[in-house]
Structures are given as C-alpha cells and as structure tokens.
Amino acid sequence: MHQDIRGLDVTTSSPKAVAHLDRAVADYLNYGTNASTEVKAALAEDPYCVLAQCYRGYLLMMLENPAVFPKLRQTLAELEKAGGDITERERLHLAALKAWVKGDLMNACLAWEQVLNQWPQDLMALKLHHTMAFYTGRNNVLRSVVSGALGAWDEATPGYSHVQGMYAYALEECGAYADAERWGRAAVEANPEDLWAIHSVAHVMEMQGRFGEGADWLDYSRDDWAHKNFFKAHVWWHRGLFHIVAENYERALQVFDNELSSLNSETYVDVSNQAAFLKRLQIAGVDVGNRWDLIAEHAATRIHDHVLPFRDAHFCLALAAKGRFDTARAQIQSMAVFATEGEGWNARTTQAILIPLCEAMIAYENGEYAKACDILWPMRNELAPIGGSLAQRDLFSQILIDAARRAGRLHMTRSLLSERVAQFPRARRNWRDYAKVLTDLGDMDLAAKALQSADALPAPAAA
Ligand SMILES: [Fe+2]
C-alpha cells in the first residue's frame, strides 16, 4: 500500500506506479497528451494495480468510441475474477467503470459520489463525475458534488486550481455567472494551463453576451496549446462562436478549417464541435461549402455507437444536414433497438429525448419545418438529459427558431425571438430577426424599437 500525492491509499507494491498515476491525473486534468503513457507506465510497474486498470479504462472511455468496449469488458471480467484485496475506494472505482461501460451514467456518477463523500480529494473521481454529470445535463448535481468536495481542498492541496475551475463551470451552468467568473479567474491565475477553467470563464462570457471580451479571453495561439489534447478544439469552438455572434463569418470559417476539422481520427471524431458549428453558421446564412462531407462520412460509420446521447444527436445532425436521410433514419432505428435492449441513463434518454430530437432534426433538414416545430416546441426546455452545456444545447433553440420562421409560424417565431433577445440582448442578429418577424406580423412600432436596439449595439467587430 502506498499513498498518492494527496495522501490517498493505493493498493500496489510499487511507489513508482503511484508516481506515474499522480502524473497521469495531473496530465489528464491539464488536458495534456501523456495521461495514457503514464498509466501504461504505472501498469508496467505493477500490472495488478486495480486503480491503474481503472484509469486505463476511464481514458479509453473518454475516447467515446465503442471500439474500446470489448477490451474493457475483458479487463473488467479479469479483474472481477482475480478478486484480490483492494480498498473500498478502488472497489467503487471499479463499480463506476463497470456502470459507465454499460452506458449507466447515473450509477457511474453515484459510485464516484460515494468515493467523494469519503475521499473528497480524489481528483480523478471528481473530474469524471463532473464530466458525466455534464453529459447527463444535471447542473445542480454538478454544483452540489463539486461544492461537497470543495471544503476538503485549499491552495496547499495539489491540483486545487482544477477544483476551482470545475466549481466555476458548475456555477456557470446554474446561472451564477458572477461567482463562476470569480472562481474561474482564480483558477486560471493559479494555473494558466487549466484549460477547463479558461473554458469556464469563456462560458460565462458567452452566456452574458460579452462576445468581444470572450474572443479576447481566448486569444491563445495554436502554439500555446500544441501540447493539449483534443479538448482544445472545443475551446477553439467557443472562440469561433464569438466570431459568429460578431458576424465575422470569415474568421469563424477559419476557426473551423484550421482548428476543428483536423480532429477526426479513427479513435476520436470531433463531431459535436464541428456539426454544431456548421449548423450555426448555416442558420446565420453562411455558405459552408462542402464542409459537411467529411463529418457526414464519419457519422455514417458511427450510427450504431450509442456511447453518449449527445454524440449520437450530432452524428444524426451531420447526416441529415448532408442530406443522408436514409442513413440518419437507420441510425434512429438503431437507437430504438438500443433503447429497448439497453439499460440505464443512456437507454432511457435515447428513448425519451434523443429519438424525437433526431426526428425533428431530420424533418428540419428535409424541409418539413412544421413537423420539426411540432416535435421541438414541447420539448425545447426539456433537452438537458441528452447532456452538453447550455451553450451547446442552444443550437437546438436556434434550429427551432429557424424552423418556425421557415414554416411561417409567425407567432411562435415572435415568442422565441422575444425570449432570445431577452437572453442575449447584445447580439445584433437576434434583434434584426426579431424586428423582421414583428414587421411580418404588422407590429411596426415594436419592429422599429427592435431595430433601434440592433443599431445601438456596436457594429460587427473583428473579434
Ligand atoms: Fe463549452
């Protein structure tokens, strides 16, 4: 038995294995590219180290690719068979991994919560819980679990900035923007490498419509993040969103071409960032050329994935946006089978939310705008269980507004845009769209006021 950098027991005969695991956690939390190498090194020191086996499984799961499942199931079976004398914390990590592999995100989260109740300084459990609470759209759980661990941390605890950054993100998703920014900035000050904390503050700026400031906040160069893993693409995605709202579409397309589209590989497809980005541009009236081609091609190979509802939704969007409706419908059929035969959170969410959402997106892309509205309107505020952030799920609001407008549902469009200008009063395009629908409805006075609001905003800048 040896202790990790925060004093938690690890069942192993090798202090070197523990040192490698410490470095793996630090690298993973910093979004570096060495975590797997460090875990492999730990396993080379001690192949029987259960925590190292769990970490290996976690890192494979983070690839969000079902190709890893057979290897993981085999590892889990071998570990169960081997039994052995392990700690309660390690047993709970095994239970979490097992649930996660089954798509049972709720029980995976509950296992990590049990870990954190007793060992609040288990940074890996905290980060994984954070990620999966995010992917189940449970914002209050995000906040309560990080704050439940927070009391056991301070500046002297290695990795504290990551807890600050997670707390910042949780607060942001709960709408506590001022506190979120304060915690996020403190995290970045303590650790400028903390990509999640940088990202948390960017979320605050996005939700508060501080678009120019947000672009400045993310003014990093490619070289600055050359050593970061694929998550950096998501942070570039945020930078690109600031360009879109600033109506600087040329720069937005540059972000897509230079920073997003290169991250497709056999192991990881950057579907959520790419598809959502292209769709937002198209809704804004931008010609995205043939940029759907590659991502739709990838999506077609992943229609039976069902690793995360959020991923599946974006695969479907890519297929539908490219006009590959038969493949998109085949994906929905596969989802239906998964929902019937599967268990846990993913299966339930697939049935209740993902399938109708995908049907709406197919209808929208197929020009059946009224149908898209009929499906999306009643569920528009109930999409959180498919996961993702408020900013990411905003895409579906944008699709609904566009569908309502194209379906000629003027009153629905007015209502949605009234809501939107209230939420994002600093975005000129929202006010202009609002003025347009008010004009179409014959409400010229309100339309004039909406246009005044648009004109009062700074002209699109080179954000
Ligand atoms: Fe984000």
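None of these values were measured; they are calculated from a predicted model. Each chain has its residues counted from 1, running along the sequence as written. At least 70 in pLDDT is required for a residue's local features to be given in this predicted model, at least 80 for side-chain atom pairs to be given and counted, and no such filter applies to totals for whole chains, interfaces and linings, which use all residues. Only hydrogens and water are set aside when side-chain values are computed; all heavy atoms of the structure are taken into account.

K.L.:
Break down the domain arrangement of the chain for me, citing the residues and quoting the values.
P.N.:
For the chain, the assigned domains read domain 1 (1-133), domain 2 (137-208) and domain 3 (409-456). Computed from C-alpha coordinates alone, the two centres of domain 2 and domain 3 are separated by 34 Å. An automatic or database domain assignment supplies the start and end points of every domain.

K.L.:
Summarise the coordination of the iron ion; cite the residues concerned and give the values.
P.N.:
The rule for donors is simple: an N, O or S atom within 2.8 Å of the metal counts, and for Na, K and Ca the reach is 3.2 Å. Water is not among the atoms, so a site may look short of donors. The coordination sphere of the iron ion, as far as protein atoms go, consists of His199 (NE2), His203 (NE2), His234 (NE2) and His238 (NE2), spread over 2.1 to 2.2 Å. Under this scheme a four-donor centre is tetrahedral when all angles range from 85 to 135 degrees, a four-donor centre is square planar and a six-donor centre octahedral when opposite donors are above 155 degrees with the rest from 65 to 115, and any other centre is irregular. Taken together, the 4 donor atoms coordinating the iron ion span angles of 88 to 176° at the metal, a pattern that classifies the geometry as irregular. Look at where the donors of the iron ion fall in the sequence and you get H-x3-H-x30-H-x3-H. A residue pair is termed long-range when its members are at least 10 positions apart, and His199 in helix H11 (residues 195-207) and His238 in helix H13 (residues 231-245) qualify at 39 residues. Summary of the burial criterion: residues with accessible area below 20% of their type's maximum are buried, those above 50% are exposed, and those between are partly exposed, where the area comes from a 1.4 Å probe applied to protein chains only. Owing to a relative accessible area of 1%, His199 belongs among the buried residues under this scheme. The buried category is assigned to His238, whose relative accessible area is 0%. Numbering goes from the N terminus for both helices and strands, where a helix is a DSSP run of H or I of at least four residues and a strand is a run of E of at least two.

K.L.:
Describe the state of the cysteines, and please don't skip the residues or the numbers.
P.N.:
Cysteine sulfur pairs qualify as disulfides if the two atoms are within 2.5 Å. Taken as a whole and judged by the stated rule, the model has 0 disulfides. Free cysteine: Cys174, not disulfide-bonded; nearest cysteine sulfur from Cys109 at 15 Å. Overall, the relative accessible area of 25% leaves Cys174 in the partly exposed class. Cys373 forms no disulfide, and the closest cysteine sulfur to it belongs to Cys358, at a distance of 17 Å.

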